Structure formats: C-alpha cells, structure tokens
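Residues per chain are reported as follows:
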Amino acid sequence: MEFFDNLPAMDLMRSEKMTFVQLIFPVESAHRAVSYLGEIGLLQFKDLNDGKSPFQRTFVNQVKRCGEMSRKLRFFRDQISKAGLVPSVRPGMQPDIELEELEIRLSEHETELIEMNANSEKLQQTYNELLEFKMVLNKAGEFLVTAPNRSVAQERELDENVYLKDEYVERASLLEQEMHPGPSNQASLRFISGIICKSKVLRFERMLFRATRGNMLFNQAAAEQDVLDPISAEMVEKTVFVVFFSGEQAKTKILKICEAFGANCYPVPEDITKQRQITQEVLARLSELEATLDAGTRHRDNALTEIGFHIRKWTTMVRKEKAVYDTLNMLNFDVTKKCLVGEGWCPIFAKPQIQEALQRATIDSNSQVGIIFHMMDAMESPPTYFRTNRFTNAYQEIVDAYGFARYQEANPAVYTVITFPFLFAVMFGDWGHGICLLLGALILIARERKLGSQKLSSFVEMAFGGRYVLLLMALFSIYCGLIYNEFFSVPFHIFGETAYGCRDTTCSDARTTGLVKYRDPYPFGLDPSWRGSRSELPFLNSLKMKMSILFGVTQMNLGIILSYFNARFFGSSIDVRYQFVPQMIFLNSLFGYLALLIVIKWCTGSQADLYHVMIYMFLSPTDDLGENQLFFLQILLLLSAIVAVPWMLFPKPFILRKLHTERFQGRAYGVLGTSEMDLDVEPDSARQHHEEFNFSEVFVHQMIHSIEFVLGAVSNTASYLRLWALSLAHSELSTVFYEKVLLLAWGFDNIAIRLVGLVVFVFATAFVLLMMETLSALLHALRLHWVEFQNKFYYGDGYKFRPFCFASLVDEED
C-alpha cells in the first residue's frame, strides 16, 4: 500500500485542485478588474443574485445598451450580406474607441442606412412602376391594334344567330352586344390594362370571369423582363393583361379584383400617337432613375464597406462589454461601503495570475483602495477542471459526453487515449484501410490552422475535432492489420515465408489437399497460408474470440484497480476492504481463470474444451475433468467467488451505521480540518452527509450495486465479444468486395466491365468499409469504455468548471 501511495501524481489523472474565493471590488475598479479576469479565463463566478430577475439587477441598463448595440450590429451584418459584400479587417487601421463613442457612431450609421434604404425603396418602387407602365404600353398597344381584326371574323358567326326574344340584350355576352346590328342601350366597349404576377394569372382570370358572368374579354402576354421586388430583393415574373368590358358596374368589380390580387393598373390611350409620346417620356424618366439608383447603391455600398472594416472589432468589443456587465450583475452591491462582493471558484495554480490581474486593475483605474482577494470554505463540491491540449481535448470530450468527473476523481481520459483507438483497431484491423484513414487524418492535421478558422459542416466539424483520435485509430488499425495480415482482405508475405507447405511434392492445390508445418512459425502476425484454407474461419473465430475475452478481462481489471486508487485518494478504507477486494476476487476467480486457461492452452497446445471446463466448474465442480490440471485451483476459485458476493453486500452498510452512531453519540471525535480535507473524504462518509442516516436506503443501494457488479461481470465480459464479431464482419465484408466485385470483374476480358468493377469496388470500400464500418466500430468502442470500463470506478456526477472567459465567447450573436 505504501508503494502505491508514494507514486508520483499524474497531471491528468485527477482534476485540478480548486479553491473557493471571495473578491471585494471598489466600484471604480470593478469593471476593469472583471475585464482583466475575463482575459485570463480562470475564475468561475457564482451568481449571488440568483433570486432576482434580470430587471432587478444593478447593471440592467448597461446590459440593455449592449443588447441594443448588438441589434444594430446584426442589422449592419444583414445589410452587408444583402449587398453581397464581404466584411474585411484592415490591420493597424482601427484605433481604440470608447463604448460611449461607439454607441453614438452605431446610432449615426443606423440612421443613415435606414434613410438610404427608405429613399432607395421609394426610388425602386417608382422605377418599377415606370418599368411596368412601359411594358403595359407596349403589350396593351398590340392588343388594341389587333382587337378590331379579330371582331370581323367573329361578327360573321353572330350574324347567323336568330334573336327571338326582347330580353336578349340583358342575357347576351359582351361581344354579341358590341357587334349585334340591332339597337342597343349599352355603353360602348371599354378596357382596363395592367400587370400582375405570373403565378396569379389563372386565379385572376377565373375570378374576373365569375364576377362579370363571362361578360368580359381577357388578353394576356408575358412581360418583356422581370421586375425587382424591393421587399424580398428577388426578381418576379410578370404578365401584362387587358380586360375588355362594358358598363360602369363591371368596371368597379374589375378594379376591386385587381386591387385584391395586387395587380397594378395603368391608363393606356387608344390613340397610337399618344401612346408613342407617353412611351418616350417614360423611357426618359427610366434612364434618369437608373442613374439615380446606381449612385444611391454606390453610396450605400461605400458606407457598408466602411462599416465592414470595423464590424468585427466592434462586435467583439460589444460582446465583451455585455459579458462583463452580465458578470457584474452576479455580484452583490454593498451600498454603504460602495463596493461589489463576488464569490467563485478558481484553480489553486491560478491564484498568482488572478492576484496580479487584480493589482493591475487597481493601478489602471487609479483606485485608492485595493481589491480584496481571499480564500473561503465552501459547503458545495468544487467544479471539475482538466487542463487539456489539442491532442488530449478530443479524448476528454469523449469522457465528458458520458458525464463530468466528480471533483478529484480518477480521469478515464488518461487511459482512453490509448485504449479507445486500440479497441477500435481490433474491430477495424486492416492495414490498407488504416492507411486510408491515416491519409485523411494527416490532411486534417496539415490544414488545421485553415480549417480551425472556418465555418464547417456538422460532419466535417466532427471529423476535424477528432483528427488526433482519427490519427491514433489509423495507426493502431495498421498495426492490427499487420497482425491479421490483411490489406483490403489480401494476405502478404511481408515478414518472411510461410511456415506451412504442401504435404508432398505433387501437391498442386494447397487449399484442398491440406498443408503441413515444416519450418518455424511466421515471425509476426497471422500466417498468410491460413487465408483461403478450409480451416480459416474456425481458426480466426477461435483466435479473435479468445483475444476479445483477454482484452475485456484486462480492461475490467484496470477499472477495478482505478477504483482502489479512488478509495485510497479519498481515504475510504471501507471501500478498499469491502468493495475493491471482493470485486477483484469475484472477477478473477471466474473470468480471470478463463483468461488464464486461454493463455495456458495457447502456450501448451492443449486440446481441452474451455466451454466444457467453465460450464462443469459450476454444474459439477467435484468431477474429474480429465486433462484439466487445475482441478483443486478451480474449486478454490469457485468458493472464493461465492464468498465474495456477501462480502460486497453486507459489511459496508453495517459499518457505516456503526460509524454514524458513534459519531453522533459522542464516542468518537474527529479532528477539525480545512475545507480541502473535508472534500477529500469518501462519498458515503458521515462527514460529508450531515442529514439523518437511513440504514435501509444505504443497504438497498449497496445491494443494487453488488447485484449490478455480479451480473455485470458476466454481461460485460460477453459484451467484449463484439470485438470478435465486428472484426470478423469487417474482414468478411472486405473479402466479399474483393472477390465478388473486383476479381469477378477482372475475370472478363472487357475494359468497360473492369472499369465498372473497379469503380464499384472503390465506392464500396469508401462508403461501406471506410465510413459505415468506421462509425460502427467507433460506437462499439465508445460503448465498451462508457459501460464496461467506466462503470467500475467512474461516478461522472460532477459539474464542469466554466470560468468567465472572453476566449469562450461564441462567434455568433446569442
């Protein structure tokens, strides 16, 4: 035990030691001090005004001002985006600016832009009206010229009709009334011309027909060009129409329908000379408006470009100011002493940096009173903080996705760095596929700086974030692929000649006649002669199944050993004696013994059936198993496993009840310690939980934990067989694609069939083996770490250290 206690501490093994601090800021230096702390990013403030609404806090007006400035900056970015401009930064040409001056400038720019947009919208609307008027003049003029010619042909047909009744005039259609030779009291034929969106033409015509009961003539033609919608800034297709009708009542109906459908009506004179004169005037006005619109657009673009040079700096400044005031709102304001009181957590190593920043803030703000910084005791558990770098950050994120570590709890990420990519490679082992993954990882790492500053899609962002995980996965896949001797499922004689040869000199087909061993074993990995032999699948099944059990037992033992280090660190001797020891005995008495038998069978070449040995170890432990030389050992191991179950279940709850009773009856006194000592006690000790001790609840919890471990020892060991299953599936899929696609296509003496086979093989390899199989193996390796490994020692019920830090401000507005 002393040997383990004297081992040097690992930096990443446990979270950073935290301390609870109190800060007292004079009002004049509070803002600058919080800004400097945001630059450091190593202090997590506690909200001391949790019961207050946002509108009851001290600096609510400043937060509103920053929110209003953020709104204006969003408005500027939208305008820049609509104008098709790209915000840029001119280094060295942006002088510092105060927040008050920035607020004035933003208001001026917003007012100017709103005024320019309003003027531009009015001009654009006028331009659209003149453009539509021009198109209506052109198209409607054609309708008015060709209308009499169409009437002559239709008049001949109407002359043949016999009008027998006097009420004919009331029921006749519009054309019949216009061309009937008899007397008529109706007014002359009239028309309305205009323009409407193309998508509304059919409904518009149908509504006109129903409203006038068919007493109208509707002509339409596509407009010469699209019209810009000033609201949506999109080009809209238009259609010019002319409606011929008779009567004032029909005119009123038609105008109302035009208004309802958003159709613009324009007066077109019947005289061709007047039409030409108006057209010339409209064209002249259009040219003037085009010049005015171009000048206004250039002026607006220049203003937006000037804003674009500064918008990134202004946005960053406003976000920082808003974050500072949000943090100041978390502090208590002491009116009598004119100071702000804050509390929070910080790592112990960061105390010198924080104190230096506070001292600098006092000097820079010309404050006569310094900022008070001192440590305090805290009742709640500290947050968890691990210092990571670019390489270890992805592995820490994998662990944190399961749950944040309890304060000072052993960190699984230390071991996940190696075990996670290795277990992935066991399932994905193929050094050809591993090289493909390696190339992808190297490309992401080589373009790290460029990709890190860009906005990426979700899939590319996930791959880029795990680039170093992908790198180790690829390297281990190459290593396991060399052990399996698979290169896109093809074996190679890389490390020398095979140890097997033909049975005799007349052997022509080694796969059917069988092989005999005639030299030393293959130096590294799987002998290539196993590939394609009749015993390939049974051999690989046996090898990978036993290998999976060995890996599983090893990793589960590592998890239990880490639970011992946790118990020793927190000073919980109860967990060492009544949890760690029986768990080690139970697991290794059963599955450790199985792993030992596997190693012995590999080393001795024994033909003993391990399934038979393990089954009858439980069913008939006293029977003679023939070749089994560990008879008395397995009896002892079985008894040890049986004893370990009540050992885990009963002692701990009764001992905890005894300690609680002695503590609160005054027969045992502990030494009063600091907050750090109190935080280092075991999770279930009476020092940490001051509420009433509930023996039944503790006993049920311990019973559930013990049953879960006993059943989990079986299910978790079986779960590691997924290493064998996925490895075999990957190998067989790769073999199918190689033999049934590539070799089959290559057997044809046709270049087209060969190219098709090659393309299908490449796509199948890329999308099925390199994408789907990679994700599948990744998820299974994730499950083995979260469930089978971490449940042995990892609580994961802590909360993450989230300091006030400017660097963590997102690039997008909230």
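Sequence order as written defines residue numbering, which begins from 1 separately in each chain. It should be noted that, the model being predicted, local features are given only for residues of pLDDT at least 70 and side-chain atom pairs only at 80 or more, the latter also being counted only at that level, while totals for whole chains, interfaces and linings use all residues. The basis for every side-chain value is the complete set of non-hydrogen atoms in the structure, without hydrogens or water.

Another aspect to go through is helix 24 (residues 695-719). For the purposes of this entry, the term helix denotes a DSSP run of H or I that reaches at least four residues, the term strand denotes a run of E that reaches at least two, and both are numbered from the N terminus. Take the residue count of a helix, subtract one, and multiply by 1.5 Å to get its expected span. With 25 residues, helix 24 should reach 36 Å at 1.5 Å per residue; the first-to-last C-alpha distance of 34 Å fits that figure. Fitting axes to the seven residues that end at a residue and to the seven that start at it, the angle between those axes gives the bend at that residue. Along helix 24, the sharpest change in direction is near 35 degrees and occurs at Gly712. The set of residues buried in helix 24 consists of Phe699, Gln702, Ser706, Phe709, Val710, Gly712, Ala713, Asn716, Thr717 and Ser719. Using a 1.4 Å probe on the protein chains alone, a residue whose accessible area is under 20% of its type maximum counts as buried, one over 50% counts as exposed, and one in between counts as partly exposed.

Quick look at the UniProt feature "transmembrane region" (unreviewed entry) in the protein now. UniProt positions are given in the numbering used here, feature names are shortened, and annotations may be inferred rather than shown by experiment. Per the UniProt annotation, the sites labelled "transmembrane region" (unreviewed entry) are residues 422-445, 466-484, 547-565, 585-608, 628-650 and 751-772. The distance separating the terminal C-alpha atoms of residues 422-445 is 20 Å; by composition the span is 92% helix and 0% strand.

Let us look at the packing of aromatic side chains. Stacked, edge-to-face and tilted labels apply to pairs of Phe, Tyr and Trp rings (six-membered ring for Trp) whose centres lie within 6.5 Å, assigned for plane angles under 30 degrees, over 60, and everything in between, in that order. Overall, the coordinates contain 37 aromatic pairs when judged by the stated rule. Seen in terms of ring centroids, Phe391 and Tyr395 are 5.8 Å apart; in terms of plane orientation they differ by 50 degrees. Their pairing is tilted. Given the relative accessible area of 28%, Phe391 is considered partly exposed. Judged by relative accessible area, Tyr395 falls into the buried class, the value being 0%. In this structure an aromatic cluster arises from ring pairing among Tyr402, Trp786, Phe789, Phe793 and Tyr794. By definition here, charges over rings are those cases where NZ of Lys or CZ of Arg is within 6 Å of the ring centre and within 35 degrees of the ring normal. Note that Arg14 overlies the ring of Phe569, its terminal NZ or CZ placed 4.3 Å from the centroid.

You can see Thr419 is positioned in helix 12 (residues 413-428). In protein, a polar contact means a hydrogen-donor-capable atom and an acceptor-capable atom, both N or O and within 3.5 Å, with residues adjacent in sequence counting only if both atoms are side-chain atoms; elsewhere, any N or O pair within 3.5 Å suffices. From its side chain, Thr419 meets the backbone oxygen of Tyr415 in a polar contact 2.9 Å long. Among the polar contacts listed, one links the side chain of Thr419 to the side chain of His785, at a separation of 2.7 Å. Contacts between residues were defined by any pair of non-hydrogen atoms, one from each residue, lying within 4.5 Å. Those residues in contact with Thr419 that sit more than four places away from it in its chain are Gln555 and His785.

Right, let's get into unusual backbone geometry. We note that Gln408 has phi near 65 degrees; this positive angle belongs to a residue other than glycine. Locating Gln408 in the fold gives a position in the loop between helix 11 (393-402) and helix 12. Exposure remark for Gln408: the relative accessible area of 4% places this residue in the buried category.

Time to look at the sheet that holds strand 7 (residues 238-245). Within a sheet, adjacent strands bond to each other through the backbone by hydrogen bonds, running parallel or antiparallel. Any two strands are treated as partners once DSSP identifies two or more bridges connecting them. If you walk across this open sheet you meet the 4 strands as 4-7-3-8, and the pairing is antiparallel. The strands lining the two open edges of the sheet, one partner per strand, are strand 4 (217-222) and strand 8 (264-265). Axes here mean lines fitted to C-alpha atoms, for a helix over just the part in contact, with angles spanning 0 to 180 degrees between N-to-C directions. On the sheet, helix 7 (residues 201-211) packs against strand 3 (190-197), strand 4 and strand 7 and is oriented at approximately 170 degrees with respect to strand 4.

So, on to the UniProt feature "coiled-coil region" (unreviewed entry) in the protein. Sites flagged by UniProt as "coiled-coil region" (unreviewed entry) map to residues 99-126. Strand forms 0% of residues 99-126 and helix 100%; the C-alpha atoms that close the span are 40 Å apart.

Let's shift gears to the state of the cysteines. Counting rule for disulfides: a pair of cysteine sulfur atoms within 2.5 Å. In total, this model carries 0 disulfides according to the counting rule given. Of the cysteine sulfurs around Cys265, a residue in no disulfide, the closest is that of Cys258, at 3.7 Å. Residue Cys265 is classed as partly exposed on the basis of its relative accessible area of 33%.

Contact geometry of helix 25 (residues 722-746) with helix 26 (residues 751-789) gives a least axis separation of 9 Å together with a crossing angle of 175 degrees. As the angle between them shows, helix 25 and helix 26 are arranged roughly antiparallel. Should an angle fall under 35 degrees it is taken as roughly parallel, and over 145 as roughly antiparallel, whereas 65 to 115 is taken as roughly perpendicular and any remaining angle as oblique.

Pairs can form between side chains of opposite charge whenever their charged atoms are close. Criterion for a salt bridge: a side-chain nitrogen of Lys or Arg within 4 Å of a carboxyl oxygen of Asp or Glu. If you walk through the whole model with that rule in mind, you get 17 salt bridges. Across the pair Arg387 and Glu16 runs a salt bridge, and its minimum N-O distance is 3.0 Å. Highlighted residues: Arg387 in the loop between strand 11 (372-376) and helix 11 and Glu16 in the loop between helix 1 (2-5) and strand 1 (18-26), separated in sequence by 371 residues. Judged by its relative accessible area of 15%, Glu16 falls in the buried class. A salt bridge links Lys198 to Glu237, with the shortest nitrogen-to-oxygen separation between them at 3.4 Å. Here Lys198, found in the loop between strand 3 and helix 7, pairs with Glu237, found in the loop between strand 6 (235-236) and strand 7; they are 39 residues apart in sequence, far enough to count as distant. Each of Glu68, Arg71 and Glu110 takes part in a single network of salt bridges with overlapping partners.

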